[in-house]
Structures are given as C-alpha cells and as structure tokens.
Amino acid sequence: MNPDDRNPFESAPDTARPAPADESGVRPVAGEPDSRTVDAGQGLEWLRQGWQAFTAAPGVWVVITLLWVTAVVVLNLVPLFGMIAATLLAMVTVGGLMTGCRALSRGEPFGVHHLWAGFGEQINPLLLLGGLYLLASLAIGMLVVLLSAIGAGLAGLAAVAGLAMLMAAIPAMFIVAIMLMAPVLMAVWFAPALVVFHDMKALDAMKLSFFASLRNAPAFVVFSLLYVVLVVLASVPAMLGWLVLLPVTFGAMYASYRDVFSPS
C-alpha cells in the first residue's frame with residue numbers, strides 16, 4: 001500500500017513517525033503543498049475515516065464537543081460581540097483540532113488540550129480566517145435579505161398572487177443562499193489545516209483550499225449529500241447525535257486534507 005493512501009486513523013509504524021517539535025506534535029512545513037484529484041467515492045471514505053477518528057477516542061471527543069458547544073452558546077448570549085467572537089474563534093479551535101486528528105492518526109496522545117492548541121504561533125492567520133469567513137457570511141446574508149425584500153415588494157404589487165409568490169420565493173432564497181455560501185465553505189474547508197501544518201497565510205490558504213475543493217467537486221458532492229442525511233439523523237434525538245457528528249466532521253476534514261494534499 002502506498003503510504004500516502006493509508007487510513008490516517010490507522011496508526012503508522014513508529015519508524016514512519018517524525019519526532020514532534022512540541023507538545024501538540026505540530027511542525028509547520030512552510031510552502032504551498034501539492035494537491036491531487038481524488039475519486040468521487042472518497043467523499044464516503046472521508047466520513048468513514050471521520051467515524052474511525054471518533055471511535056478512537058469517543059470519551060475525549062464528547063467532552064471536547066460539550067465544551068465547544070457550551071462556549072459557543074455562552075458567547076452568543078452577548079449581543080453582536082458574542083457572535084463575532086464565536087465566529088473568529090471557530091477557526092482557531094478547528095486548527096487546534098486538526099492537530100488533534102493528526103495526533104490520533106500517528107497513535108500519539110489525544111486530549112482536550114487540542115481544543116485550544118490553535119492558540120499558538122498560527123493564531124493570527126487562524127483569526128483572520130475567521131474574520132474573512134464572518135465578512136463573507138454577513139455579505140451573503142445581507143444580499144439574501146435584500147433579494148427577499150425585493151421579492152416581497154414585487155409580490156405586494158400583485159394582491160391576488162402576492163402570498164403565493166412570497167411562499168415560492170422562500171425556497172428560492174434558500175437555494176440562492178446555499179449557492180452563494182458554497183464557494184465560501186470551499187475556501188475554508190482545508191484552510192485551517194493548511195495554516196497549521198504548512199504555515200500558510202490566511203488568504204493563500206483560502207485560495208488553495210478553494211481550488212483544491214473545486215478540483216474535487218465530485219467527492220464533495222458525495223460527501224455533502226451523505227452529510228445532509230447525517231445532519232437530519234443527528235438532529236432527531238434532541239440534537240444528541242451532534243455529540244457524534246461534530247467529531248466525525250472534524251475527523252473527515254482531516255482525512256480529506258490528508259487525501260487531497262501531500263501529508264506533512
């Protein structure tokens with residue numbers, strides 16, 4: 001088996017593990033990594049490996065998820081500032097969890113401390129990632145609201161068909177929002193790992209992430225369709241399924257990074 005194709009959550013032989021540079025095992029390799037195009041079926045494989053990441057340390061993952069969700073809820077209790085802070089810090093925590101996934105893949109210790117492992121040398125580009133994601137999301141939200149207002153105004157011109165037009169516009173705006181957010185999500189999917197593992201600047205990481213995602217659109221389509229089903233299933237039992245789905249998501253993010261980019 002080609003070592004680049006091995007499951008990242010199956011422990012590598014000790015001789016294949018480079019000595020970590022610090023407690024988190026992160027040793028950034030400066031420069032833009034090579035990317036490759038993978039088969040569409042890898043979208044399913046990423047989820048399978050995400051599940052393996054969860055089952056490798058379920059207790060730790062559940063604690064991490066509870067801490068993260070609690071922090072997000074508490075921050076969002078603060079009007080405006082809380083939402084901004086939660087979004088900015090999201091990329092920092094994701095960057096830290098990518099180091100945790102790498103530790104799992106190497107058979108190294110994985111713990112709650114990986115939740116804040118991003119608060120290190122790469123914190124500035126990770127915060128910038130969060131800021132750019134926030135600005136893009138706000139811009140798209142404002143555009144959707146504007147289009148909705150225009151649609152409602154046009155519907156108001158037709159008294160009889162106004163309600164029907166308004167109801168038809170709701171799913172249309174939802175589809176528009178998804179289409180507009182897709183490029184943003186493509187730009188941030190690999191970005192935290194690229195910043196943490198390759199010491200890339202935020203904009204460079206987002207650019208590389210976008211084009212790598214675009215090259216692998218079939219795999220991401222498969223991943224997204226399956227993920228929608230998992231979201232529904234995770235939300236049914238009082239949202240308790242998210243205690244599993246969130247860790248699976250982080251594991252799948254790392255697995256997709258390892259699959260698409262040359263491992264560091």
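Described below are features of the structure shown in this document. Residue positions are given per chain, counted from 1 along the sequence in the order it is written. Residue-level local features of this predicted model are given only where pLDDT is at least 70; pairs of side-chain atoms are given and counted only at 80 or more, and the full residue set underlies all totals for whole chains, interfaces and linings. With hydrogens and water set aside, each side-chain value is computed from the structure's full complement of heavy atoms.

## Focus: a nonpolar patch on the surface
Let me state the cut-off plainly: The residues that make up patches have over 30% relative accessible area and no salt bridge, and they are joined within 9 Å when like-charged or within 5 Å when they are Val, Leu, Ile, Met, Phe, Trp or Tyr. To measure how exposed things are, a 1.4 Å probe is used in the Shrake-Rupley method; for residues, cover is taken only from the protein chains shown. Salt bridge, as applied in this entry: a Lys or Arg side-chain nitrogen positioned within 4 Å of an Asp or Glu carboxyl oxygen. Only DSSP runs of H or I with at least four residues qualify as helices, and only runs of E with at least two residues qualify as strands; both kinds are numbered from the N terminus onward.
Taken together, the side chains of Leu143, Leu146, Leu147, Ile150 and Leu180 make up a nonpolar region of the molecular surface, amounting to roughly 390 Å² of accessible area. Ranked by residues supplied to the nonpolar patch, first place goes to helix H4 (residues 123-157) with four residues. Tracing the backbone shows Leu180 in helix H5 (residues 162-189).

## Describing the environment of Val94
This is how the line gets drawn: In what follows, residue pairs with any heavy atoms lying within 4.5 Å of each other are defined as contacts.
Within the secondary structure layout, Val94 lies in helix H3 (residues 81-105). In this structure the C-alpha to C-alpha distance between Val94 and Ala193, which are 99 residues apart in sequence, comes to 8.3 Å. The residues touching Val94, leaving out its near neighbours within four places in the chain, are Trp68, Pro192, Phe250 and Met253.

## A word on the packing of helix H1 (residues 42-56) against helix H9 (residues 242-260)
Selection criterion: Lines fitted to the C-alpha atoms define the axes, with helices restricted to the stretch that makes contact. Angles between their N-to-C directions range from 0 to 180 degrees. Every angle not falling under 35 degrees, over 145, or within 65 to 115 is termed oblique; those three ranges are roughly parallel, roughly antiparallel and roughly perpendicular. Two helices that cross are described as forming a left-handed crossing if the nearer one is turned anticlockwise from the farther one by less than a right angle, and a right-handed crossing if clockwise. Note on residue classes: Ala, Val, Leu, Ile, Met, Phe, Trp, Tyr, Cys and Pro are nonpolar, Asp, Glu, Lys and Arg are charged, and everything else, Gly too, is polar.
Interhelical geometry of H1 versus H9 gives an angle of 125° and a closest axis separation of 7 Å. As the angle between them shows, H1 and H9 are arranged oblique. Every pair of crossing elements has a handedness; the one defined by H1 and H9 is right-handed. Residue-level inspection shows Gln42, Trp46, Leu47, Gln49, Gly50, Trp51, Ala53 and Phe54 of H1 in contact with H9, the latter providing Leu243, Val244, Pro247, Val248, Gly251, Ala252, Ala255, Ser256, Asp259 and Val260. Split into classes, the residues belonging to the contact of H1 with H9 amount to 12 nonpolar, five polar and one charged.

No statement about biological role is implied by the geometric values presented.
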